[in-house]
Amino acid sequence: MKYLNRITLCILTLSFNLLVISEISEYKIEYLIFKYVDNSTDEIFRDELNVPSDNIIIFNTLDNDEFPYSNFSNISEFFQKILSDENDSDLNKPNIFLREDNNIIALIKFKSKIEKKKNIELIDHNSWLQTIPNYEKSKFIEIKNDNGYRLYLKLYKKRFFHMDIKTYIEEKSNDKKNKKLFIDEERRFFENEIHFFDHPNFGVIISISEVDHL
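First, a word on scope: everything that follows refers to the structure included in this document. This structure is a prediction, so every number in the text was calculated from the model and none was measured.

Cut-offs applied
- Residues numbered from 1 in each chain as written.
- Predicted model: local features only at pLDDT ≥ 70, side-chain atom pairs only at ≥ 80, totals over all residues.
- Heavy atoms only, no water.
- Pairing = 2+ DSSP bridges.
- Helix = DSSP H or I, 4+ residues; strand = E, 2+ residues; numbered from the N terminus.
- Axes fitted to C-alpha atoms, helices over the stretch in contact; angles between N-to-C directions.
- Contact = heavy atoms within 4.5 Å.
- Buried < 20%, exposed > 50% of the residue type's maximum accessible area, 1.4 Å probe, protein only.

**What to know about the sheet that holds strand β10 (residues 202–210)**
Phase 1 of the analysis: Read across the sheet, 5 strands follow the order β3-β4-β1-β10-β9 without closing on themselves; strand pairing throughout is antiparallel. Edge positions in the sheet fall to β3 (98–100) and β9 (193–198), since each of these pairs with one other strand and no more. Neighbour-to-neighbour, the strand axes of the sheet open up by a mean angle of 25°, direction not taken into account.
Phase 2 of the analysis: Strands in contact with helix α3 (residues 108–116) are β1 (27–36), β4 (120–130), β9 and β10; relative to β4, the strand with the most contacts, it is inclined by about 165°.

**Examining the pairing of β10**
Phase 1 of the analysis: The element β10 is extensively covered by neighbouring structure, given that 8 of its 9 residues are classed as buried.
Phase 2 of the analysis: Pairing of β1 with β10, which is carried by 9 bridges, proceeds in the antiparallel orientation. When the sheet's bridge partners are listed, I33 is paired in β10 with V204.
Phase 3 of the analysis: Direction of pairing for β9 relative to β10: antiparallel, over a ladder of 6 bridges. Across the sheet, E193 pairs through a bridge with I208, a residue of β10.
Phase 4 of the analysis: Linking β9 back to β10 in an antiparallel pair, the connection comprises 3 residues.

Following this line, the structure appears as structure tokens:
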């Protein structure tokens, strides 16, 4: 019986993966964040950024701990509970929102050009795979890093695709207190596009492209 359950589990897991591929589109998200060296401006900015406080998925690049949303890791556990004789009221459905992928492809030329510029410093770059849900189910992905910046990005569907980006870097002001220089913007986007978000002191480049599983 256990052998049969294992075979059934493998079939169900494979079927679920095929369902994910065929019915739920995944998108590869890539980003670069950089700052302008020795840049100063007299422009006055708003003092505060409204940082999201709920519906957040933390993409932590500070350490190498296992990423909880990676690789559909709870699929086997999910189906094992279904096949077991135990009644489990706390049955967690497999998470298919976000998966790790740290391979920059669409932005590789931008990355190379930035690294060659003397007046621009590349702060960080990364990528991941995710689905894009409707607005009600969408979440902010928070990028945490020790390079003095935070990036919050939410992608969602209404009539069209939309992105909401909130990001900041910290710099010391004349009174030796850290100040947050930030970008806060929401815009519509289409598949396979590259978007540039500019600030006099820094910038962010984001690529969004649909993943071809064939």
